Amino acid sequence: MADYNVIVIGAGPGGYVAAIRCAQLGLKTACVDNWVGTDGKSALGGTCLNVGCIPSKALLDSSHHYYHLQKHAADHGIQHQGLSIDVAIMQARKEKIVKTLTQGIGSLFKKNKITHLPGLGRLVGTTEVEVIGDGNKVDIFTTDYIIIATGAVPTTLTAAPVDNQSIVDSTGALAFNQVPKTLGVIGAGAIGLELGSVWNRLGSKVTILEALPDFLALADRKIADAAFKELKKQGLDIHLGATLTSTTLSSEGTVTVTYQDKTGEQSLVVDKLIVAVGRKPNTDSLNATAVGVKINQRGFIEVNEHRQTAVANIYAIGDVIGGPMLAHKASEEGVMVAERIAGQHSEMSYQTVPWVIYTYPEVAWVGQTEEQLKAAGIEYKIGQFPFAASGRARAHGDTNGMIRVIAEAKTDRILGVHIFGISASELIAEAVLAMEFEGSAEDLARTIHAHPTLAEAMHEAALGVDGRTIHA
Ligand code: FAD
Ligand code: NAD
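Residues numbered from 1 in each chain as written. Chains lettered and ligands numbered in written order. Predicted model: local features only at pLDDT ≥ 70, side-chain atom pairs only at ≥ 80, totals over all residues. Heavy atoms only, no water.

**Things to note about a nonpolar patch on the surface**
Then, in step 1: Together, Val-124, Val-138 and Ile-140 give the surface a local cluster of nonpolar side chains, amounting to about 230 Å² of exposed area.
Then, in step 2: Among the secondary structure elements, Val-138 is positioned in strand 6 (residues 138–148). (Patch = residues over 30% accessible without salt bridge, like charges linked within 9 Å, V, L, I, M, F, W, Y side chains within 5 Å. Areas by Shrake-Rupley, 256 points an atom, 1.4 Å probe, with all protein chains shown as cover. Salt bridge = Lys/Arg side-chain N within 4 Å of Asp/Glu carboxyl O. Helix = DSSP H or I, 4+ residues; strand = E, 2+ residues; numbered from the N terminus.)

**Looking at the packing of aromatic side chains**
Then, in step 1: Following the criterion strictly, the structure yields four aromatic pairs and no others.
Then, in step 2: Aromatic side chains Phe-176 and Trp-199 sit 5.3 Å apart centroid to centroid with 55 degrees between the ring planes, which places their arrangement in the tilted category. Of this pair, Phe-176 sits in the loop between helix 5 (170–173) and strand 9 (182–186) while Trp-199 sits in helix 6 (residues 190–201); the two residues are 23 residues apart in sequence, bridging distant segments of the chain. Just as Phe-176 is buried, Trp-199 falls in that class too. (Phe/Tyr/Trp six-rings, centres within 6.5 Å; stacked < 30°, edge-to-face > 60°. Buried < 20%, exposed > 50% of the residue type's maximum accessible area, 1.4 Å probe, protein only.)

**So, the nonpolar core**
Then, in step 1: With 37 residues, the main nonpolar core has Leu-193, Trp-199, Phe-215, Ile-238 and Ile-274 as its most contacted residues.
Then, in step 2: Where this core is concerned, the elements lending two or more residues are helix 3 (53–72), helix 4 (87–111), strand 9, helix 6, strand 10 (205–209), helix 7 (221–233) and strand 19 (362–367).
Then, in step 3: Broken down by element, this core gets its largest block of residues, five residues, from helix 7.
Then, in step 4: When sequence neighbours within four positions are dropped, the list of residues in contact with Leu-193 reads Ala-188, Ile-208, Phe-215, Leu-216, Leu-231, Leu-236, Ile-238, Ile-357 and Thr-359. (Core = buried A, V, L, I, M, F, W, Y, C linked by side-chain atoms within 4.5 Å. Contact = heavy atoms within 4.5 Å.)

**Let's talk about the site of ligand 1**
Then, in step 1: Residues in close proximity to ligand 1 total 39 residues, the closest being Asp-33, Asn-34, Thr-47, Lys-57 and Gly-121.
Then, in step 2: One nitrogen or oxygen atom from the main chain of Gly-121 is found 2.7 Å from a nitrogen atom belonging to ligand 1.
Then, in step 3: The separation between an oxygen atom of ligand 1 and a polar side-chain atom of His-328 is 3.4 Å.
Then, in step 4: When the free accessible area of ligand 1 is taken as 990 Å², the share hidden by the protein chains comes to 94%.
Then, in step 5: Elements that contribute at least two residues to the shell around ligand 1 include exactly strand 2 (29–33), helix 2 (46–51), helix 3, strand 4 (120–125) and helix 8 (327–341). (Near = heavy atom within 4 Å. Polar contact = N/O pair within 3.5 Å; in protein donor to acceptor, adjacent residues only side chain to side chain.)

**Looking at the sheet that holds strand 22 (residues 414–421)**
Then, in step 1: Taken in spatial order, the five strands of this open sheet run 18-19-22-21-20, and their pairing is antiparallel. Unpaired on one side and paired on the other, strand 18 (355–357) and strand 20 (380–386) mark the two borders of the sheet. Along the sheet, successive strands turn relative to each other by an average axial angle of 10 degrees, direction set aside.
Then, in step 2: Pairing analysis gives three bridges linking strand 18 to strand 19, with the strands arranged antiparallel. Residue pairing across strands places Val-356 opposite Ala-364, the latter belonging to strand 19. (Pairing = 2+ DSSP bridges. Axes fitted to C-alpha atoms, helices over the stretch in contact; angles between N-to-C directions.)

**What about the site of ligand 2?**
Then, in step 1: Not every one of the 20 residues close to ligand 2 is listed here, only the nearest: Ile-191, Glu-194, Glu-210, Gly-278 and Val-356.
Then, in step 2: Here an oxygen atom of ligand 2 sits 3.3 Å away from a polar atom, N or O, in the main chain of Ala-190.
Then, in step 3: When ligand 2 is considered free in solution it has 840 Å² of accessible area, and contact with the protein chains removes 75% of it.
Then, in step 4: Sorting elements by how many residues they give to the shell around ligand 2 places helix 6 first, with three residues.
Then, in step 5: Among the residues making up the shell around ligand 2, the classes are represented as 14 nonpolar, three polar and three charged. (Nonpolar A, V, L, I, M, F, W, Y, C, P; charged D, E, K, R; others polar.)

**Details of the sheet that holds strand 15 (residues 272–275)**
Then, in step 1: Judged by pairing direction, the sheet is parallel, and its five strands sit side by side in the order 8-15-9-10-11 without closing on themselves. Of all the strands in the sheet, just strand 8 (167–168) and strand 11 (237–239) have a single pairing partner and so form its edges.
Then, in step 2: The pairing of strand 9 with strand 10 spans five bridges and is parallel. Looking at strand 10, one finds that Val-185 is bridged to Ile-208.
Then, in step 3: Across the face of the sheet, helix 6 comes into contact with strand 9, strand 10, strand 11 and strand 15 while running at roughly 165 degrees to strand 10.

**Some words on the domain arrangement of the protein chain**
Then, in step 1: Looking at the assigned domains, one finds that the protein chain contains domain 1 (4–154 + 280–348), domain 2 (167–277) and domain 3 (352–465).
Then, in step 2: Distance between the C-alpha centres of domain 1 and domain 3: 30 Å.
Then, in step 3: Across the contact, nine residues belong to domain 1 and six residues belong to domain 3.
Then, in step 4: Roughly 650 Å² is buried in total at the junction of domain 1 and domain 3, and carbon and sulfur atoms are behind 76% of that figure.
Then, in step 5: Area buried by domain 1 at its contact with domain 3 is led by His-64, Leu-326 and His-328, which between them contribute 43% of it.
Then, in step 6: Summed over the shared surface of domain 1 and domain 3, the number is one residue pair in polar contact (both at pLDDT 80 or more).
Then, in step 7: Sorting the residues of the side of domain 1 that touches domain 3 by element identifies helix 3 and helix 8 as the ones contributing at least two each.
Then, in step 8: Of the residues forming the side of domain 1 that touches domain 3, the biggest block, three residues, is contributed by helix 3. (Domains from an automatic or database assignment. Buried area = accessible area lost by both parts, 1.4 Å probe.)

**Describing the side chain of Glu-333**
Then, in step 1: Among the structural elements, Glu-333 can be located in helix 8.
Then, in step 2: Classification of Glu-333 as buried rests on a relative accessible area of 0%.
Then, in step 3: A distance of 3.0 Å separates the side chain of Glu-333 from the side chain of Arg-307, its partner in a polar contact.
Then, in step 4: When neighbours within four sequence positions are excluded, Glu-333 is seen to be in contact with Arg-307, Ile-317, Gly-318, Ile-321, Met-348 and Tyr-350.

**Examining the pairing of strand 12 (residues 243–249)**
Then, in step 1: As judged from the six bridges shared by strand 12 and strand 13 (residues 255–261), these two strands associate in the antiparallel manner. Looking across to strand 13, one finds that Thr-247 is bridged to Val-257.
Then, in step 2: Taking the residues that link successive antiparallel strands as the turn, the strand 12-strand 13 hairpin has five residues, and the phi of Gly-253 there is positive, at about 95 degrees.

**Description of the pattern of salt bridges**
Then, in step 1: Under the defined criterion, the tally for this structure stands at 19 salt bridges.
Then, in step 2: Glu-130 serves as the salt-bridge partner of Arg-122, at 3.0 Å between the closest nitrogen and oxygen.
Then, in step 3: Classification of Arg-122 by relative accessible area gives partly exposed; the value is 25%.
Then, in step 4: Judged by its relative accessible area of 12%, Glu-130 falls in the buried class.
Then, in step 5: Among the ionic pairs, Arg-413 bridges to Glu-438, the shortest N-O distance being 4.0 Å. Taken together, the residues span a long stretch of sequence, with Arg-413 in the loop between strand 21 (402–408) and strand 22 and Glu-438 in the loop between helix 11 (424–436) and helix 12 (441–445) at a distance of 25 residues.
Then, in step 6: If you follow the salt bridges from partner to partner, you end up with Asp-220, Glu-370, Lys-374 and Arg-404 in one network.

What follows is the structure, given as structure tokens:
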């Protein structure tokens, strides 16, 4: 008999959720993870909890309070003097949130009787995992199934080597101990926009260089255009079609960034530079190919639709297999794989994975964009509702943006919902559910929404698909 039914390698949102679901299903489960927290101790939760989703949202919230007080408190009759930000306290708050949540995963492991194996996991056979732990102690465990959930790490650029002083990746940008006067960001993706927003709100002069000519290329064009205009207004100086050519460090630590845009060679001097140009799969130390697991040309582990690798009892989930590099996608894959290992027939609907960018206001979407439908020759109808016409958004003082509901012309089935506006990250859940149930715009339009709520804007946009919007 093997030591375990399942060994999960990696305890990010893919791996730890897979481990919990395996244990719930009665499988004897262990989870190997090599993350070490800022206190030097092993920390569960992977990128998401330690240096990703959670710490970035903690800083986004802190910086939002500061920005809001500065720019909008007076609208509410709130007076303040000598407003300032103590970055050390803000960072300590973030660390406390991270610690509480990562320790929480430890408690969940205990509750579910999952063995946590701290250390580096390596495949030494199709049913054997080697764990290199503290002091290079090596143990080998046997198992019936293996789930690889080793995530991803920041992509590097030779033209801008990270030195963790002047040039940093997302992890460094979450840990600045003072507000840089000037900040450059390479890449206007989710990280560039979110972390660029944090430091911009706290007073940095932020310049973002994006290689692509389109802003948020995956998003609906009208939503992306509205977001671009608003973020520029907030002070993010975003340059599209800007390709980095080189960086030079001065003796004082400032960075001269040279880039090419349609007008020729440009340069920019900044105190700090964030490199946020994507993430690459983390398979270096796994020894995966030696046991028959296949890795594609881009470095991602190859899997079938049920996340099974070329070796039948080895599965892979989350960032390490590519697709949307999102925590909730990794977790849902973890659940599907655990249930399939336990003999169930779970599936995952990739068409309804929601995307959110946590700027202010937020950008969120699910399903297809108008541009994708046009290109595919699918006939559609669109209902659109501006937050400016929402009573609740007015009461909040946040009237920026809109909701767009796109439905198939013939069947009225919802094909996509796109939001730029306050609480888009929460509002999108209704659209995901409607699409998951293969709902129509009429279904949303016939659903009673409480008044006054932001969700009424979704209702109005759905009514708009058939030209029946009431308040605009
Ligand atoms: P990870 O979370 O990367 O976890 C992998 C784990 O495996 C790590 O602990 C790693 O140390 C461990 N590991 C790797 N190799 C080995 C090995 N050989 N042995 C043992 N352990 C190993 N996504 C969202 O959905 N929403 C957000 O708001 C969001 N914000 C983000 C903000 C930032 C700054 C960053 C960087 C990412 C953000 N993401 C966000 C992306 C999200 O963090 C990832 O999609 C998610 O963490 C992927 O989960 P995972 O389980 O696949 O891998
Ligand atoms: P990204 O893929 O979202 O964006 C990277 C951007 O950098 C792209 O727009 C790309 O065109 C640009 N780029 C690439 N090379 C460049 C170059 N040499 N010069 C200028 N621009 C260049 O990647 P990211 O922002 O680094 O985020 C990494 C991953 O983490 C993403 O897959 C994202 O889904 C995930 N993430 C998600 C969230 C969220 O869900 N809110 C937040 C942060 C990160």
